[in-house]
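What the coordinates show
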Amino acid sequence: MTTVKTRGVPAAAAGSITLGGELTVNRMGFGAMRLTGKGIWGPPRRPEKAVRVLQRAVELGVNFIDTADSYGPHIAEQLIADALYPYPGLVVATKGGLERPGPDQWVENGRPEVLRERLQGSLERLRREYIDLYQLHRIDPKVPAEEQFAVLREFRNEGLIRHVGLSEVSIEDIERARKVVPIVSVQNRYNVTDRKWEAEADYCETEGLAFIPWFPLSAGTLEAPGLHRVAARHGATVFQIALAWLLARSPAMLVIPGTSSVEHLEENVAAAEIRLSKKDMEELNGLSP
């Protein structure tokens, strides 16, 4: 395996990215969605285990934590506060804009008054006076997009949030939002075998925005033969190679693999140290149409 070692903090091997010109974080982050109960609903069976995963992530050099008020709902934010408050050296990002009628159910709600209520709840649960990065979880098609962007601008002007991000958006959506409020990040579904948002990833790199791929490991369903061949060459798992590919794909990538296991966390973060060859990248680039 071709690797770069970083003295006990492997997340640093991913390199860094700066959000909004002021928040510099390692490009190997952590996504907190999987810390909740089944169906991203309710608390985990062992909350102390979730707390340990978060603390271990920081020990490994992770300094960007991504969550949302809808994870649980509310549970992931509470766990993050229990584990990591007062967040020394950390950037905590959260999201609002999705309601949770039940397990595995997600409904857009971008009404400005609801977004404000959700933000206030996130601030209370995270014990913060402001959110480092607040992301609109989805643009609600039932509410004029400009109204949703405008309330994010209000939050920023009021000092409740420092920076604004979007999720599951097109280039057209990003450009519409940027006419209303500065945008520093885009979080879209993207991985080595699912590249629907390829143009958006390129756009973020060109425009100096962070691209945060969610579902980076296809929830454990990476079965492409080419991925296994590259993994075998490096003595790594296919999941590690999938993460290494994202990091090599663009300097705009800020990856946030999530897990509820310390063992899997350590495996994921170790992927930051893998260096893929030109041959590896050519083979992996060919996995998706």
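The notes below deal with the structure included here. (Residues numbered from 1 in each chain as written. Predicted model: local features only at pLDDT ≥ 70, side-chain atom pairs only at ≥ 80, totals over all residues. Heavy atoms only, no water.)

**Section: the pattern of salt bridges**
Formally: One speaks of a salt bridge when a side-chain nitrogen belonging to Lys or Arg is within 4 Å of a carboxyl oxygen belonging to Asp or Glu. The helix count covers DSSP runs of H or I at least four residues long, the strand count covers runs of E at least two residues long, and both are numbered beginning at the N terminus.
Summed over the entire model, instances satisfying the criterion amount to 24 salt bridges. Where Arg46 meets Glu48, a salt bridge forms, and the shortest distance between an N and an O atom there is 3.2 Å. Close ionic contact of Asp132 with Arg162 constitutes a salt bridge, the shortest N to O distance being 3.7 Å. With a gap of 30 residues between them, Asp132 in strand E8 (residues 131–136) and Arg162 in strand E9 (residues 161–167) connect regions that are remote in the sequence.

**Here's the deal with the packing of aromatic side chains**
Definition in use: Pairing of aromatic side chains here covers Phe, Tyr and the six-membered ring of Trp, requires ring centres within 6.5 Å, and sorts the geometry by plane angle: under 30 degrees stacked, over 60 edge-to-face, intermediate tilted. When accessible area is computed with a 1.4 Å probe and restricted to protein chains, residues below 20% of their type maximum are described as buried, those above 50% as exposed, and intermediate ones as partly exposed. Any Lys NZ or Arg CZ found within 6 Å of a ring centre and within 35 degrees of that ring's normal is scored as a charge over the ring.
If you walk through the whole model with that rule in mind, you get six aromatic pairs. Both rings, one in Tyr85 and one in Tyr87, keep their centres 5.7 Å apart while their planes meet at 90 degrees; by these two values the pair is edge-to-face. The buried category is assigned to Tyr87, whose relative accessible area is 4%. Pairwise contacts between aromatic rings join Tyr190, Phe211 and Trp245 into one cluster. Over the face of the ring belonging to Tyr85 we find Arg127, whose NZ or CZ atom lies 5.3 Å from the ring centre. The positively charged end of Arg128 is found above the aromatic ring belonging to Tyr130, 5.1 Å away from the centroid.

**Some remarks on the sheet that holds E9**
Cut-off, in case you're wondering: Here the rule is simple: two strands pair whenever DSSP picks up at least two bridges between them. Working rule for contacts: check all heavy atoms of both residues, and any pair within 4.5 Å makes them a contact. Axis lines are fitted through C-alpha atoms, for helices just across the contact stretch, and the angle between N-to-C directions can take any value from 0 to 180 degrees.
Read from one edge of the open sheet, seven strands run E3-E4-E5-E8-E9-E10-E11, paired in parallel fashion. A single partner strand is all that each edge strand has here, and the edge strands are strand E3 (30–31) and strand E11 (210–214). The pairing of strand E5 (residues 91–96) with E8 spans four bridges and is parallel. Bridged to Ala93 within E8 is Leu133. Helix H3 (residues 112–126) rests against E5, E8 and E9 of the sheet, and its axis sits at about 145 degrees to E8. Across the sheet, helix H6 (residues 198–207) touches strand E10 (185–189) and E11, and the angle it forms with E11 is around 150 degrees.

**Points about the environment of Glu273**
Within the secondary structure layout, Glu273 lies in the loop between helix H9 (262–270) and helix H10 (278–285). The buried category is assigned to Glu273, whose relative accessible area is 10%. Glu273 sits twelve residues away from Ser261 along the chain, and the two C-alpha atoms are 20 Å apart.

**Here's the deal with the nonpolar core**
For the record, the criterion: Side-chain atoms within 4.5 Å link the members of a nonpolar core, which is a set of buried Ala, Val, Leu, Ile, Met, Phe, Trp, Tyr and Cys residues.
In this structure, Met28, Phe30, Leu54, Ile80, Phe155, Ile241 and Leu276 are the most contacted members of the largest nonpolar core, which totals 85 residues. Examining the composition of this core, we find that eight residues originate from one element, helix H8 (residues 238–249), more than from any other. Core analysis: the second largest hydrophobic core is formed by 13 residues, Leu23, Leu133, Leu254 and Ile256 among them.

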